[in-house]
Amino acid sequence: MSAVQIIRVPILPFRMVNAHLLVGAAGCVLVDAGVPEAASKVGEALARAGRGWSDLKLIVVTHAHVDHAGSAAALRERSGALVVAHEAEVEHLDGRAPMTFCPTGWFGRVFVRAPLVHERYAPVTPDLVLSGGQTLDLAPYGVAGRVRHTPGHTRGSLSVVLESREALVGDLVASGLMLGGLARLGHAIRPPFELDPRAVGVALERLVDEGVQTFHLGHGGPLGAGEVRRHARVLAGSVAGAPHPQRMLQPR
């Protein structure tokens, strides 16, 4: 299978929130769906790649937070693409259950009070649901790689690992300042929220051990394997912050 082009889709400025479009010869895969009303940004990215909505075959939702799943329903409606997520995220994606946020530091403790974190988005029931450690081969969707379960940020966090030794890991790790971006993009940090930091460290170190060289992130990035390994080992001694239940605010 031919090489996959990775196009970062800036959902918010300064790499604060990123989605990623994977462009293969036989189709495109979107990793994460951004905040609500971000569908037009994905359409623009497809156009820049010389593709259209019909070329988008699959939408991988790495986890159910609003900045990663907020436009999933709209994107599926526009493109006809299938949505894939892990079984542990389904009740959050379809709106049946609130999420839990465990802040990782002062920014997370401030951010968890922001309305965006608690905003409900258009519910989406995935077309494909991965159970346990089940993986999904992306070849039928035009991309050489697999979707796999990498829990820790949330119970059902997913990552996409490409044959090019690159991985798109959602919020397993971030870089920069606060919500990614701005400065120090090559320095790994914890995202604002993290349910199980030790599980994150295990998942990240396993990806490095398996040969992943470049990590593409939902906030900031990309990062090299050496910096990710350093961060993973820091997480081995970390603990989760106090849990904050989602308030399930109505959309704006």
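A few points on the structure.

Some details on the sheet that holds strand β1 (residues 5–12)
Argument step 1. If you walk across this open sheet you meet the six strands as β1-β2-β3-β4-β5-β7, and the pairing is mixed. Only two strands of the sheet have a single neighbouring strand rather than two, namely β1 and β7 (128–130). Between one strand axis and the next, the sheet turns through 20° on average, direction left out of account.
Argument step 2. In the packing of helix α1 (residues 39–48) onto the sheet, contacts are made with β1, β2 (17–24) and β3 (27–31), and the angle to β1 comes to roughly 150°.
Argument step 3. Sitting on the sheet, helix α3 (residues 72–79) touches β3, β4 (56–60) and β5 (82–86), and the angle it makes with β4 is about 170°.

Comments concerning the packing of helix α7 (residues 197–209) against helix α8 (residues 225–235)
Argument step 1. Their axes nearest at 8 Å, the elements α7 and α8 cross at an angle of 150°. As far as their axial angle goes, α8 and α7 are roughly antiparallel. Seen from above, α7 lies across α8 with left-handed handedness. Residues Pro-197, Arg-198, Val-200, Gly-201, Leu-204, Glu-205, Val-208 and Asp-209 of α7 pack against Ala-225, Val-228, Arg-229, His-231, Ala-232, Arg-233 and Leu-235 of α8.
Argument step 2. In the contact of α7 with α8, the residues fall into eight nonpolar, two polar and five charged.

Quick notes on the side chain of Ser-159
Argument step 1. Its place among the elements puts Ser-159 in strand β10 (residues 158–162).
Argument step 2. On the basis of relative accessibility, which here comes to 0%, the residue Ser-159 falls in the buried class.
Argument step 3. One polar contact links Ser-159 to Thr-150, side chain to side chain, over a distance of 2.8 Å.
Argument step 4. When neighbours within four sequence positions are excluded, Ser-159 is seen to be in contact with Arg-146, Val-147, Arg-148, Thr-150, Leu-168, Val-169 and Leu-172.

Focus: unusual backbone geometry
Argument step 1. For the bond from Gly-221 to Pro-222, the omega torsion is 0°, close enough to zero to count as cis.
Argument step 2. Locating Pro-222 in the fold gives a position in the loop between β14 (214–216) and β15 (223–224).
Argument step 3. Of note, the phi angle at Asp-32 is positive, near 80°, even though the residue is not glycine.
Argument step 4. Assignment of secondary structure puts Asp-32 in the loop between β3 and α1.

Details of the packing of aromatic side chains
Argument step 1. Applying the stated criterion across every chain yields a total of four aromatic pairs.
Argument step 2. Here Trp-106 and Phe-107 contribute two aromatic rings whose centre-to-centre distance is 6.0 Å and whose plane-to-plane angle is 85°, an arrangement assigned as edge-to-face.
Argument step 3. Consider the rings of Phe-107 and Phe-111, whose centres lie 5.4 Å apart with planes at 15°: the pair is stacked. Of this pair, Phe-107 and Phe-111 both sit in helix α5 (residues 106–111), four residues apart, which is roughly one turn of that helix. The two residues Phe-107 and Phe-111 agree in class, both being buried.
Argument step 4. Put simply, the rings of Phe-101, Trp-106, Phe-107, Phe-111 and Phe-193 touch in pairs and so form one group of aromatic residues.

Details of α7
A turn of α-helix holds 3.6 residues, and therefore any two residues three or four places apart point the same way.
Argument step 1. Its 13 residues place the ends of α7 18 Å apart at the C-alpha level, agreeing with the 18 Å of an ideal helix rising 1.5 Å per residue.
Argument step 2. Three or more residues of α7 are buried, namely Pro-197, Val-200, Gly-201, Ala-203, Leu-204, Glu-205, Leu-207 and Val-208.
Argument step 3. Residues of α7 that are buried sit in contact with β9 (145–149), β10, β14 and α8.
Argument step 4. Of the residues flanking the end of α7, it is Gly-211, one or two places downstream, whose phi is positive at about 110°.

Focus on the sheet that holds β14
Argument step 1. Strands sit in the order β8-β9-β10-β11-β14-β15 across an open sheet of six strands; the sheet is mixed. In this open sheet, the two edge strands, each paired with only one partner strand, are β8 (136–137) and β15.
Argument step 2. Pairing geometry for strand β11 (residues 166–168) and β14, over three bridges, is parallel. The residue of β14 that forms the bridge with Glu-166 is Thr-214.
Argument step 3. In the packing of α7 onto the sheet, the strands contacted are β9, β10 and β14, and the crossing angle to β14 comes to about 135°.

With respect to the packing of α1 against α3
For any two helices packed against each other, one specifies the crossing angle of their axes together with the interaxial distance.
Argument step 1. As a packed pair, α1 and α3 sit with axes 9 Å apart at the nearest point and diverge in direction by 45°. Taken together, α1 and α3 sit at an angle that is classed as oblique. Residues Ala-39, Ser-40 and Val-42 of α1 lie in contact with α3, whose contacting residues are Ala-74, Leu-75 and Arg-78.
Argument step 2. Residues that form the contact of α1 with α3 fall into these classes: four nonpolar, one polar and one charged.

Scoring rules and cut-offs
Residues numbered from 1 in each chain as written. Predicted model: local features only at pLDDT ≥ 70, side-chain atom pairs only at ≥ 80, totals over all residues. Heavy atoms only, no water. Pairing = 2+ DSSP bridges. Helix = DSSP H or I, 4+ residues; strand = E, 2+ residues; numbered from the N terminus. Axes fitted to C-alpha atoms, helices over the stretch in contact; angles between N-to-C directions. Contact = heavy atoms within 4.5 Å. Parallel < 35°, antiparallel > 145°, perpendicular 65-115°, else oblique. Left-handed = near helix turned anticlockwise from the far one by under 90°. Nonpolar A, V, L, I, M, F, W, Y, C, P; charged D, E, K, R; others polar. Buried < 20%, exposed > 50% of the residue type's maximum accessible area, 1.4 Å probe, protein only. Polar contact = N/O pair within 3.5 Å; in protein donor to acceptor, adjacent residues only side chain to side chain. Phe/Tyr/Trp six-rings, centres within 6.5 Å; stacked < 30°, edge-to-face > 60°. Expected span 1.5 Å × (residues − 1).

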